[in-house]
Amino acid sequence: MKLFEVYPRLPIEPVQGDGCYVHDKEGTRYLDLYGGHAVISIGHNHPHYIKRIEGQLSRLGFYSNSVEMSIQDELAEKLGTASGYTDYAFFLCNSGAEAVENALKVAAFHTDRKKIIVFDKGFHGRTSLALEATDNERILSPVNRTGNIERITLNDEDQLVSIMDDTVAAVLIEGIQGIGGVHVPEDSFMQKIEQLCLKHGAAFIVDEIQSGYGRSGKFFAHQYADVKPDIITIAKGMGNGFPVSGVLVSPKITPWMGMLGTTFGGSHLACAAGLAVLEVMEKESLVSNALEKGKYLQDALLHLDGIVEVRGRGLMIGVELLASGKEIRERLLFEHHIFVGSSSHSNTIRILPPLSIGHQAIDYFIKSLKTVLK
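> Kindly report on the overall build of the chain, identifying the contributing residues and their values.
When helices and strands are counted, the chain shows 11 helices and 14 strands. Here the C-alpha radius of gyration of the chain, 20 Å, is about what a compact globule of 374 residues would show, namely 21 Å. Along the longest, intermediate and shortest principal axes, the C-alpha atoms of the chain span 55 × 55 × 45 Å. Looking at the chain residue by residue over its 374 residues, the buried ones come to 53%. Split by element, the accessible area of the chain, about 17,400 Å² in all, is 52% carbon and sulfur.

See below:
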C-alpha cells in the first residue's frame, strides 16, 4: 500500500528532538523555527511533558467520554485560569479543523442561521465547512460548496458594515492570519466585529488555533484588542505534538446534551499532554518569553537588507522578502540547518519557534538569514 500524498516532503527525516532543535538520521542538528506548523510550544521532548504522558499511559491510556474523567475537569480549570475564560464551557476534540467545524455548528444552533462571514487569505482547516471558510479554491471540492460562506477583505470596516445583517450566524476570524502570510487584524477591526455581532445577534468566533496558547505574547492574540468572542477555537500548541484541540463557548450560549460529541476527544493521554503544556508554560513564563523574544527577533529583522516587511506579534512572525521565499527557506535549511515555514504568499516566510527559544538561537538565525539575503 502506498501513502496518500499530503505535502511535498523535504529530504530530511528528524528522529530526535531537544528544546528548539531536531536531529536527523545522520545526526545533523537543525534549529527548528517552525515547530511542525506552530505545534511545538514548550519545546521538543520536554522532560515534564514526557513524564506526564508516561505516567498517565502507565495507568490508563484511553476510555470514551461515556464515563467520568476528572482529568478533563482538571484541564478545563487550568485552561480557564491561564486564559482568563473561567466562565466558558470547554469542548475537547482532536484537530484544529474539527474545532472549527464544531464552533460553526454551535453558532448555527445558537442563532438558527447559516450565513458565515470570513476573510481573504484566511485558513481554518481542510474539512467540510471549515474548508469552505478557507481561502483556497484549489482544495475546495464540489461537496464543500454550500453557499453559506461570505468572504470579505480583512480590516475593511466599510465592507463589514455593508454585509452584516440579521441573517448572519457568525463572523469567523483568525487571531492572526497564519498561512495567509501572518496578517494581524487591526484592534479597531476586531472591536467592530464584536459590536456588529452584538447588534445583529451573530456569534463572534475567533480561530486561535495557530495564534493562541501564548504565541502572540498574550494567551490569545485577540486579547490585544480587548474583545471577548462568543466562541474560541484552539489546537496546535495546546498539545505540543499530541493531537488535541478544543472549543471555548461563552456562557451566553446554552449547550444541550448531545449538541456536540466525540469518541477520541479529550482522552486521558490528550488531557495529560494538555496539562503538561500549561504547567510548563506557567513554570517557565513562556507567554512573557514569547513577548520578549518576539520583540527582540522582530527588531533584529528590521535591520536586515532584503526585507520588505515584518508582520506579527510575539513569536508568530511573517517576513516578507524581496527574494523568493522558497529559495531563502531552502538555503536556510540546507546551508545553515534552520527550519522556517512557508505561506501562501510566495515571498513570505513564517517564523514559529517554540515559546522557550533563547537569544543564542535567535542570533544564529539572524546571522544566517543576513548571509543568505546577501
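Here the narrative resumes, following the displayed structure.
> Give a detailed account of the sheet that holds strand 3 (residues 29–32), specifying residues and quantitative values.
Hydrogen bonds between backbone groups are what pair the strands of a sheet, and the pairing can be parallel or antiparallel. Strand order across the open sheet formed by 4 strands is 1-2-3-13, with mixed pairing between neighbours. Because the sheet does not close on itself, it has two edges, and the strands there are strand 1 (14–18) and strand 13 (338–339). Pairing geometry for strand 2 (residues 21–24) and strand 3, over 3 bridges, is antiparallel. Counterpart to Tyr 21 in the pairing with strand 3 is Leu 31.

> Lay out the state of the cysteines with the relevant residues and their values.
The term disulfide refers to a covalent linkage connecting the sulfur atoms of a pair of cysteines. One pass over the full model with this rule turns up 0 disulfides. Looking at Cys 93, it has no disulfide partner, and the nearest cysteine sulfur is the one in Cys 271, 12 Å off. By relative accessible area, which is 0% here, Cys 93 ends up buried.

> Explain the pattern of salt bridges to me, and be specific about the residues and the numbers.
One pass over the structure, following the stated rule, counts 15 salt bridges. Salt-bridge contacts for Glu 279 lead to Arg 52; the nearest nitrogen and oxygen are separated by 2.6 Å. A residue pair is termed long-range when its members are at least 10 positions apart, and Glu 279 in helix 8 (residues 268–283) and Arg 52 in helix 2 (residues 47–59) qualify at 227 residues. The partner of Arg 331 in a salt bridge is Glu 335, and the shortest N-O contact between them spans 3.0 Å. In this pair, Arg 331 and Glu 335 both sit in helix 10 (residues 325–336), 4 residues apart, roughly one turn of the helix. Look at Glu 335 and you get partly exposed, because its relative accessible area is 46%.

> For the sheet that holds strand 14 (residues 348–351), give the residues involved together with the corresponding values.
With antiparallel pairing, the 3 strands of this open sheet are ordered in space as 11-12-14. Here the strands that pair on one side only, and so sit at the sheet edges, are strand 11 (307–313) and strand 14. Each adjacent strand pair in this sheet contributes to an overall mean axis angle of 15°, direction not counted. Bridging between strand 12 (residues 316–321) and strand 14 involves 4 bridges; their strand directions are antiparallel.

> Report on the packing of helix 10 against helix 11 (residues 359–373), specifying residues and quantitative values.
One way to put it is that helix 10 packs onto helix 11 with a least axis distance of 10 Å and a crossing angle of 120°. Here helix 10 is positioned oblique relative to helix 11, judged by the angle of their axes. Crossing of helix 10 over helix 11 shows right-handed handedness. Two secondary-structure elements touch here, helix 10 through Ile 328, Arg 331, Leu 332 and His 336 and helix 11 through Tyr 364, Phe 365, Ser 368, Leu 369, Thr 371, Val 372 and Leu 373. In terms of residue class, the contact of helix 10 with helix 11 is made up of 7 nonpolar, 3 polar and 1 charged.

> Talk me through unusual backbone geometry; I want residue IDs and the actual numbers.
The backbone of Ala 38 sits at a positive phi, close to 65°, despite the residue not being glycine. Looking at the secondary structure, you find Ala 38 in helix 1 (residues 35–38). Although it is not a glycine, Asp 112 adopts a positive phi angle of roughly 60°. Along the chain, Asp 112 turns up in the loop between helix 4 (96–111) and strand 5 (115–119).

> Give me the lowdown on helix 4, citing residues and values where you can.
Relative to the 22 Å expected for 16 residues at 1.5 Å per residue, helix 4 spans 23 Å between its end C-alpha atoms, a close match to the ideal helical length. Every buried residue of helix 4 is listed here: Gly 96, Ala 97, Ala 99, Val 100, Glu 101, Asn 102, Ala 103, Leu 104, Val 106, Ala 107 and Thr 111. Once helix 4 ends, the next one or two residues include Asp 112, with phi positive near 60°.

Calculation criteria
- Residues numbered from 1 in each chain as written.
- Predicted model: local features only at pLDDT ≥ 70, side-chain atom pairs only at ≥ 80, totals over all residues.
- Heavy atoms only, no water.
- Helix = DSSP H or I, 4+ residues; strand = E, 2+ residues; numbered from the N terminus.
- Rg over C-alpha atoms; globule rule 2.2 N^0.38 Å.
- Buried < 20%, exposed > 50% of the residue type's maximum accessible area, 1.4 Å probe, protein only.
- Areas by Shrake-Rupley, 256 points an atom, 1.4 Å probe, with all protein chains shown as cover.
- Pairing = 2+ DSSP bridges.
- Disulfide = S-S within 2.5 Å.
- Salt bridge = Lys/Arg side-chain N within 4 Å of Asp/Glu carboxyl O.
- Axes fitted to C-alpha atoms, helices over the stretch in contact; angles between N-to-C directions.
- Parallel < 35°, antiparallel > 145°, perpendicular 65-115°, else oblique.
- Left-handed = near helix turned anticlockwise from the far one by under 90°.
- Contact = heavy atoms within 4.5 Å.
- Nonpolar A, V, L, I, M, F, W, Y, C, P; charged D, E, K, R; others polar.
- Expected span 1.5 Å × (residues − 1).

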